[in-house]
Amino acid sequence: MSLWQKLACAVLLLVVVAASAANWLAPGGYAKQYREEISARPSRAHWLGTDDLGRDRFARALYGTRISLLLAPAAALLSTLMAALIGGLAGYIGGIWARMAMGVTDLFLSLPWLFLLITARALLPLNVPPLVSVLVTFLLLGLLGWTAAARVLCAAAGSMRASDFVRQARAAGVPAQRLFWVHVVPNLKPVLFAQFWISIPVFIVSEANLGILGLGVAEPMPSWGSLLRELEGLVSVGEEPWKFVPLILLVVVVTSFQLVLSRQEELTA
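In this text, all values refer to a predicted model and were calculated from it rather than measured experimentally.

Reading the values: the criteria
- Within each chain, residues carry numbers counting from 1 in the order of the written sequence.
- Where totals are concerned, whole chains, interfaces and linings use all residues; where local detail is concerned, this predicted model gives features only for residues with pLDDT of at least 70, and gives and counts side-chain atom pairs only at 80 or more.
- No hydrogens and no water enter the side-chain calculation; it runs on all heavy atoms of the structure.
- Strands are runs of DSSP state E lasting at least two residues, helices are runs of H or I lasting at least four, and both sets are numbered from the N terminus onward.
- One fewer than the residue count of a helix, multiplied by 1.5 Å, yields its expected span.
- Throughout this description, buried means an accessible area under 20% of the type-specific maximum (1.4 Å probe, protein chains only), exposed means over 50%, and partly exposed covers the range between.
- In this description, the arc belongs to the directions extending from the helix axis to the C-beta atoms.
- Think of it this way: a Phe, Tyr or Trp ring, Trp meaning its six-membered ring, pairs with another when their centres are within 6.5 Å, and the plane angle makes it stacked under 30 degrees, edge-to-face over 60, tilted otherwise.
- Every residue pair with non-hydrogen atoms within 4.5 Å of one another is taken to be in contact.
- Any Lys or Arg side-chain nitrogen found within 4 Å of a carboxyl oxygen on Asp or Glu counts as a salt bridge.
- What is meant by a nonpolar core is a set of buried Ala, Val, Leu, Ile, Met, Phe, Trp, Tyr and Cys residues, joined one to another through side-chain atoms within 4.5 Å.
- Patches here are clusters of residues that have more than 30% relative accessible area and form no salt bridge, with a 9 Å joining cutoff for like charges and a 5 Å cutoff for nonpolar side chains (Val, Leu, Ile, Met, Phe, Trp, Tyr).
- The accessible surface values rely on the Shrake-Rupley method and a 1.4 Å probe; as for residues, cover is taken only from the protein chains in view.
- What qualifies as a polar contact is a pair of N or O atoms within 3.5 Å, subject to a donor-acceptor requirement within protein and to the restriction that residues adjacent in sequence count only when both atoms come from side chains.

A. How the structure looks around helix α1 (residues 3–20). The end-to-end C-alpha distance of α1 is 26 Å, a good match for the 26 Å that 18 residues give at a rise of 1.5 Å each. All buried positions along α1 are accounted for by Gln5, Ala8, Leu12, Val15 and Ala19. Take α1 and look down its axis: the buried residues cluster within an arc of 85°, on one side only. α1 presents Leu3, Leu13 and Leu14 as exposed residues on the side facing more than 90 degrees away from its buried surface.

B. Examining the packing of aromatic side chains more closely. Under the definition given, this model contains seven aromatic pairs. When the centroid spacing of 5.8 Å and the interplanar angle of 55° are considered together, the rings of Phe108 and Trp146 count as tilted. Of this pair, Phe108 sits in helix α4 (residues 95–110) while Trp146 sits in the loop between α6 (130–144) and α7 (147–161), and the two are 38 residues apart along the sequence. Measuring from centroid to centroid gives 6.1 Å for Phe193 and Trp197, while their planes differ by 80°, and the two rings are edge-to-face. Note that Phe193 and Trp197 are positioned in helix α10 (residues 189–212) at a spacing of four residues, about one turn of the helix. Phe193 gets classed as partly exposed once you look at its relative accessible area, which sits at 39%. The class of Trp197 is buried, set by a relative accessible area of 18%.

C. How the structure looks around the environment of Glu207. Note that Glu207 resides in helix α10. For Glu207 and Ser226, which are 19 residues apart along the polypeptide, the C-alpha to C-alpha distance reads 9.5 Å. The residues contacting Glu207, other than those within four sequence positions of it, are Ser68, Leu71, Thr137, Leu141, Val217, Ser223, Trp224 and Gly225.

D. Structural view of the environment of Pro241. Along the polypeptide, Pro241 turns up in the loop between α11 (224–228) and α12 (245–268). Judged by its relative accessible area of 43%, Pro241 falls in the partly exposed class. When the C-alpha atoms of Pro241 and Met160 are compared, they prove to be 53 Å apart, with 81 residues separating the residues in sequence.

E. Molecular detail of the pattern of salt bridges. Evaluated as defined, the whole model comprises seven salt bridges. Between Asp51 and Arg55 there is a salt bridge; the shortest N-O distance is 2.9 Å. Exposure class is identical for Asp51 and Arg55. Each is buried. Taking the shortest distance from any N to any O, the salt bridge between Arg55 and Glu219 comes out at 3.2 Å.

F. Structural view of the nonpolar core. Counting residues in hydrophobic clusters, the biggest one holds 48 residues, and the most contacted among them are Ile200, Ile204, Val253 and Phe257. Those elements that place two or more of their residues in this core are α1, α3 (57–93), α5 (113–123), α6, α10, α11 and α12. Broken down by element, this core gets its largest block of residues, 11 residues, from α3. Not counting the four nearest positions on each side in its chain, Phe257 is found in contact with Leu12, Leu69, Trp197, Ile200, Pro201 and Ile204. With 19 residues, the next largest nonpolar core counts Tyr92, Leu153, Ala156 and Ala157 among its residues.

G. Summary view of a nonpolar patch on the surface. Taken together, Ile93, Ile96, Trp97 and Met100 make up a surface patch of nonpolar side chains, about 410 Å² in accessible area. The leading source of residues in the nonpolar patch is α4, at three residues. Tracing the sequence through the fold places Met100 in helix α4.

H. Highlighting α3. An ideal rise of 1.5 Å per residue puts 54 Å on 37 residues; α3 measures up with 52 Å between its terminal C-alpha atoms. Within α3, 26 of the 37 residues are buried, which leaves it mostly tucked inside the rest of the structure. Where α3 begins, one side-chain oxygen reaches toward the backbone nitrogen of Phe58, 3.1 Å away; that side chain belongs to Asp56.

Here it is as structure tokens:
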């Protein structure tokens, strides 16, 4: 593991620990309003100042980081499981099922991923409670983000179908269902793990895009996307530089995931 990869792991660990300790680091919470300090500059009481509603930006950054870091891996897990079920099963069975499954996958892949996500979210009710909006965002990311991984898993399962151990298991009379879940899927774990890691930074950026457009996590609950919306009215970079902290944090976390992912690819190669 290179120095940069070790640094990336340390950064991710630090961010996760800080987000997990948000209740302790920012006991005031993300929704408390300090009406006497609206749009205040950074101070000892509010390290990143307050927004136009008087809410502490540091607290909202911590809680928003927690929500985004929980949302993306959960959606990645759902999409990876769907890819294993659809793509892996298609590759294992082969024939017309594989052609149909890959036809649907190609149809999804031919559509711009972000536009498809925005369209699907816009068709759903927008005025929903914050917790419901988190669930909707999680389900959309997971249910629409499985296609690329499914194609990879279909190819891996297809090559495994012709392997010697699968032929021996069939000759020994192992039922097809047991053969798939007990013998094929465990051998796909390295591919599944790699696809899971690939999906996390993609979903982090996708959630941020939805939040910027007002289609992600609903107020008052923060996320990186909703925090980045505050940059819309910014005239210059030097005007209020502390507002760029969520953007810097997003870039650092996504870059760290990419560095860790490169390590994972080295191990599975």
